[in-house]
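Spelled out from the first residue to the last, the chains are:
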Amino acid sequence: MSIKSTQNKSDEMDVGTHKEKESADPCDNTLNEQCNEKSNIDANLYLYDDELETRPHVSTFISSLANYENTIPSATDQDSKTAAPSARMGTLIGVFLPCIQNIFGVILFIRLTWVVGTAGAVCGFLIVLTCCCVTMLTAISMSAIATNGVVPAGGSYFMISRSLGPEFGGAVGMLFYTGTTLAAAMYIVGAVEIVLTYMAPWASIFGDFTKDPDAMYNNFRVYGTLLLLIMGLIVFLGVKFVNKFAAVALACVIFSIIAVYIGIFDNINGNEKLYMCVLGKRLLKDIPIDNCTKSDSLLSDIFCDENGCDEYYTNNNVSKVKGIKGLASGVFYENVLPSFLEKGQLIAYGKNTVDIENMAPSTYNQIIADITTSFTLLIGIFFPSVTGIMAGSNRSGDLADAQKSIPIGTICAILTTSTVYLSSVILFAGTVDNLLLRDKFGQSIGGKLVVANIAWPNQWVILIGSFLSTLGAGLQSLTGAPRLLQAIAKDEIIPFLSPFAVSSKRGEPTRALLLTIVICQCGILLGNVDLLAPLLSMFFLMCYGFVNLACAVQTLLRTPNWRPRFKFYHWGLSLVGLTLCISIMFMTSWYFALVAMGMAIVIYKYIEYRGAEKEWGDGIRGMALTAARYSLLRLEEGPPHTKNWRPQILVLSKFNENSMPKYRKIFSFATQLKAGKGLTICVSVIQGDHHKITNRAVDAKAALRKLMDDEKVKGFCDVLVSSDIAEGLSSVIQTIGLGGMKPNTVIIGWPYSWKKDGSESWKTFIQTVRTVAACHMALLVPKGINFYPESNHKIGGNIDIWWIVHDGGLLMLLPFLLKQHRTWRNCKLRIFTVAQMEDNSIQMKKDLKTFLYHLRIEADVEVVEMMNSDISEYTYERTLMMEQRNEMLRELRLNKKENSKIVQTLVDFKETTGDDKLPLVQTIVDHHHDVTKTSSKVRFADPTVNIEEKHENEADGDEKVKTREAEVDTLETKMENGSTLNMVEKGQSEDEKPEKHIMGGTNRPDEVNVRRMHTAIKLNEVIVNKSQDAQLVIMNLPGPPRESKIDRETNYMEFLEVLTEGLEKVLMVRGGGREVITIYS
């Protein structure tokens, strides 16, 4: 912090002013700029000056935390003034009352009596209790999550997304949004039902809806659409009005419930207001109570025609039954048992088939069941009555102490509402007649609302109160749903929702509101509360289930950050809540449950595929870590069985001068080999000092990661900085991986520049081959990698496998794995093996076909016979070229300065004519004149002279000069035309030329090298002859020399070059010393 800011703080605190002013004194005008910079630092903290950018002072850190806001700003009204800082709300105003308002809804007034009458007192009590248990268990889990840090607005979406990850969070967030939107549709349809059925039936525009249910639902659709447009306009224009109306709606709900309770006890002995007309045991509708007698012509006109009267009408009497009998009447015992009906059956006392089945051609004025009822269906219809428990957590930013208020307020609200619901079940069953409870729309009492006629002082208190409260709940849903959608869109986890993240100039989510209205309209077109309620129950049950899952996962994983202040939770309760949610979903409506789960799965996979790039420290990552730990410990118990072996690949990549991977197609090959599955680790080693080139290493890793993504390599990458490349590669091979997930196969590129002067790539290559072999890992060396196909190409042709030696069966397995990828899928396999003179080639071919049959691998088989032949002159010449090159390198191994001088001299010499070449020879001779060791003249000496004696006797200076002349002349000739025979001729005078043939005497090269060169040449001739046009040639990689001698190592590289000459794409394979393929199942 600066001196100015320090002084400002000291003016406020009056502490340490003198010391802060003196902190600038040590830096006078004679000091450098560094001292001026340090003057901005507290004198007591100079020691930590260098790290202030990444490690700020504790005071700065705490200050940033104190000013941190993690809430979504609420929508503001266009004409509203800048609000003063609002007073923080307590538990009652901030959590309890909003939850009460959201939980009590339209179902309480228009469906609870029907649920009680249909299910009976016992089953009705269990229905309500089950729903309340779900919300209570969810509230306990939610309280634990909500008190484990700051929870911003967004309710279950934010809690689940930050607990279970963006995939689950996005999926459940969309379900929560859909459920909230459909809840708005249910509230609107419920409000229209209250008005048209109980307040203004004359407003029907489709005729008498009491006789035609379709007319009633069409009325709901039309008036619901109009009401939705009006409410949508209110939400768009007046958020301030919506917030104020919420208080009015809450007051209406509370007053209405109090009026119902007073009315129940006021009518303890029943009342004479409501009477029903009953024919036998069947309930009749639209019959004035004064006309409820057989002597009245009204009933006879309904049930009789010219053919006679209805049989049931004839055999039964008509009676008047009091609707509200009161608690003292003992009607409770009549309402204990359930009365579930199928659609089309008649509402009647008991379950006698004669009474409930309609045998007549017409229903007349008898009330029929409009829906098939069951215990589980009624749970689905009633469940929306207990939703709304997230209202308190949505306001966490406005609470004085959210950690305390959310658990207490939410749980108290659930206890209060549960008490009201459970007591209402008992009181309704003990007050109202069974037939009237089951009359869903009150048609038997002239289209009146049963609850309204129980209330005190009259029915209009309930009608107006329920209508206003339903409107308020609908407005709250239409206000909250768009903001939830906008919050999901702003998290950028679902790309196609990005347009809905935009706000209007007033901060309103206008686009999200329009989409919400469209979805809500689709719900209104269903036109039936009994269809909407189970559907939106699915979405809320999914949300609550995931809240319980989040709490259980966090508790079981025991993540260090899981420290909720709310202590009264347990993972067992959360799992019970999750089980209840899933069970209720499928018991209520399995097809709606599948729709909700299918929607969640689609969104989950979409986010996983396109958008989930957020890291929120969620529990699913913790679950993955726990599962990985468990699996790794299990894998550590022993090596995998041959049937379970699969290549876990380590790709060793080299960087070019631009810090980019040199061979891009080596990554494509790794992808094709894995066919998108398995573990792949890509590593590069950079030479240098780590703390000096850290940024370069980070950039290199980013480039490596990008290339892996471009080539669709599924795996991990890393960059190692080492002072020596070979040692770095050795360290990587030995230590990479974890437990049983260590790579078992290494892919390394071929060192194309190994023949260049000064190149050490061949040393690194051979050391890596030895390290891989010592670690018992398989090795793949693709040569001609730039000619390999791209992963998005498809090729046809042959993949030829040259099976020279058995190396664990890897040569058989690799082409099979390659053919799993679409690039190589159309290629055919051809397997070649080599037969010696003593082998039966016919039997070999037969046995090999049988072996492939048992391996379930389809391939053509060919046995190539290699006859014993004399070693050709070309073989000797090629071997001599190799050995002479090694001899020259050994004799001319100088220090860096001398090498550079010689190279420059040779370059200059090449530009001169042939007559001017003598100065070059003289220069090199002079340069080596002090060297006591002379070169071996094995290629140029007489065969009868002992080599060692000749070395000892050659003391003459002229002879040394001749020797150097021979060396230099040989090197020049090799550079110019590469002919070994010319070297021999140029390296000697006419008198020194050998009299014998090149293959005779001391001109003969080392026999071991000749034999190996002979093998390489003959094999190469056969392979080129058979496989020159193959798309890929796979062959065994010969083992490196055991001795770490330069001659042997460079010879090894030369043998590999000869073996693969004339082949465009070669994959050399060396097994890890174990079987990787088996014929057994």
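Look up a bit, the structure's there.
Quantities reported herein were computed from a predicted structural model and do not represent experimental measurements.

**Q** I'd love a proper account of the state of the cysteines, names of residues and values included.
**A** Taken as a whole and judged by the stated rule, the model has two disulfides. Between the sulfur atoms of Cys304 and its disulfide mate Cys309 the distance is 1.7 Å. When the S-S torsion is 105°, as for the bridge of Cys304 with Cys309, the disulfide is right-handed. The exposure class of Cys309 is partly exposed, given its relative accessible area of 43%. You can see Cys133 has no disulfide; the closest cysteine sulfur is in Cys132, sitting 7.2 Å from it. You can call Cys133 partly exposed: its relative accessible area is 33%.

**Q** I'd like a rundown of the side chain of Thr181, residues and numbers included.
**A** Relative to the elements of secondary structure, Thr181 occurs in helix H9 (residues 166-199). Judged by its relative accessible area of 0%, Thr181 is buried. Excluding residues that lie within four positions of it along the chain, Thr181 makes contacts with Ala481, Thr516, Ile519 and Cys520.

**Q** Which residues make up a negative patch on the surface, and what values do they have?
**A** On the surface, Asp208, Asp212, Asp214 and Asp286 cluster together into a patch of negative charge. With respect to the helices, strands and loops of the structure, Asp214 is situated in helix H10 (residues 213-237).

**Q** Please provide a residue-by-residue account of the nonpolar core, values included.
**A** In this structure, Met186, Phe382, Tyr421, Ile462 and Tyr544 are the most contacted members of the largest nonpolar core, which totals 171 residues. At 20 residues, H9 tops the list of elements feeding residues into this core. When residues no more than four places from it in sequence are discounted, the contact partners of Tyr544 are Val134, Thr135, Thr138, Phe383, Thr387, Gly388, Ile389, Met390 and Cys581. Membership of the second largest hydrophobic core comes to 53 residues, among which are Phe667, Leu707, Cys717 and Tyr788.

**Q** Break down the packing of aromatic side chains for me, with residues and values.
**A** Counted according to the given criterion, the structure contains 19 aromatic pairs. Where Tyr591 meets Phe592, the ring centres are 5.1 Å apart and the plane angle is 65°; that geometry is what we call edge-to-face. Here a set of aromatic residues connected by ring pairs shows up, and it is made of Phe176, Phe383, Phe540 and Tyr544. The ring of Tyr313 has Lys294 sitting right over it, with the charged end atom 4.8 Å from the ring centre.

**Q** Quick rundown of the pairing of strand S15 (residues 1066-1070)? Include the residues and the values.
**A** Across the five residues that make up S15, a large majority, four, are buried. Pairing of strand S10 (residues 778-783) with S15, which is carried by five bridges, proceeds in the antiparallel orientation. Residue pairing across strands places Leu779 opposite Arg1070, the latter belonging to S15. Direction of pairing for strand S14 (residues 1032-1036) relative to S15: parallel, over a ladder of four bridges. Opposite Val1033, over in S15, you have Val1066 as the bridge partner.

**Q** I'd love a proper account of the pattern of salt bridges, names of residues and values included.
**A** Under the defined criterion, the tally for this structure stands at 18 salt bridges. Ionic pairing is found between Glu508 and Arg483, a salt bridge with its closest N-O pair at 2.8 Å. Of the two residues, Glu508 sits in the loop between helix H20 (459-490) and helix H21 (510-526) while Arg483 sits in helix H20, which places them 25 residues apart along the sequence. Judged by relative accessible area, Glu508 falls into the buried class, the value being 4%. Two residues, Lys1026 and Glu862, come together in a salt bridge whose shortest N-O distance is 2.6 Å. A residue pair is termed long-range when its members are at least 10 positions apart, and Lys1026 in helix H38 (residues 1007-1027) and Glu862 in strand S13 (residues 860-865) qualify at 164 residues.

**Q** Which residues make up the environment of Ile254, and what are the values?
**A** With respect to the helices and strands, the residue Ile254 is situated in helix H11 (residues 239-266). For Ile254, a relative accessible area of 33% puts it in the partly exposed group. Distance in space between the C-alpha atoms of Ile254 and Gly465 is 9.0 Å, their sequence separation being 211 residues.

Analysis parameters
Residue numbers restart at each chain and count upward from 1, following the sequence in its written direction. Two thresholds apply to this predicted model, a pLDDT of at least 70 for residue-level local features and 80 or more for giving and counting side-chain atom pairs, whereas whole-chain, interface and lining totals are computed over all residues. Calculation of side-chain values draws on the structure's entire complement of heavy atoms; hydrogens and water are dropped beforehand. Criterion for a disulfide: a pair of cysteine sulfur atoms within 2.5 Å. Throughout, exposure labels follow a simple rule: accessible area from a 1.4 Å probe, protein chains only, divided by the maximum for the residue type, with under 20% read as buried, over 50% as exposed, and the rest as partly exposed. Note on conventions: DSSP H or I runs of at least 4 residues are helices, E runs of at least 2 residues are strands, and numbering of each starts at the N terminus. Any two residues having at least one pair of non-hydrogen atoms within 4.5 Å are treated as being in contact. Within this analysis, patches are made of residues with over 30% relative accessible area and no salt bridge. Like charges are joined at 9 Å or less; nonpolar side chains (Val, Leu, Ile, Met, Phe, Trp, Tyr) at 5 Å or less. Here the open area of atoms and residues is found with the Shrake-Rupley method and a 1.4 Å probe, where only the protein chains shown may cover a residue. Think of a salt bridge as a Lys or Arg side-chain nitrogen and an Asp or Glu carboxyl oxygen that are within 4 Å of each other. This count recognises Lys and Arg as positive and Asp and Glu as negative, with His and chain-terminal groups excluded. The atom standing in for a charge is NZ when the residue is Lys, CZ when it is Arg, CG when it is Asp and CD when it is Glu. To define a nonpolar core, start from buried Ala, Val, Leu, Ile, Met, Phe, Trp, Tyr and Cys residues and group those joined through side-chain atoms within 4.5 Å. Between rings of Phe, Tyr and Trp, where Trp is taken as its six-membered ring, a pair exists when centres lie within 6.5 Å; planes separated by under 30 degrees are stacked, by over 60 edge-to-face, and by other angles tilted. Here, over-ring charges are defined by two tests on the NZ atom of lysine or the CZ atom of arginine: distance to the ring centre within 6 Å, and angle to the ring normal within 35 degrees. At least two DSSP bridges between two strands are needed for those strands to be called paired.

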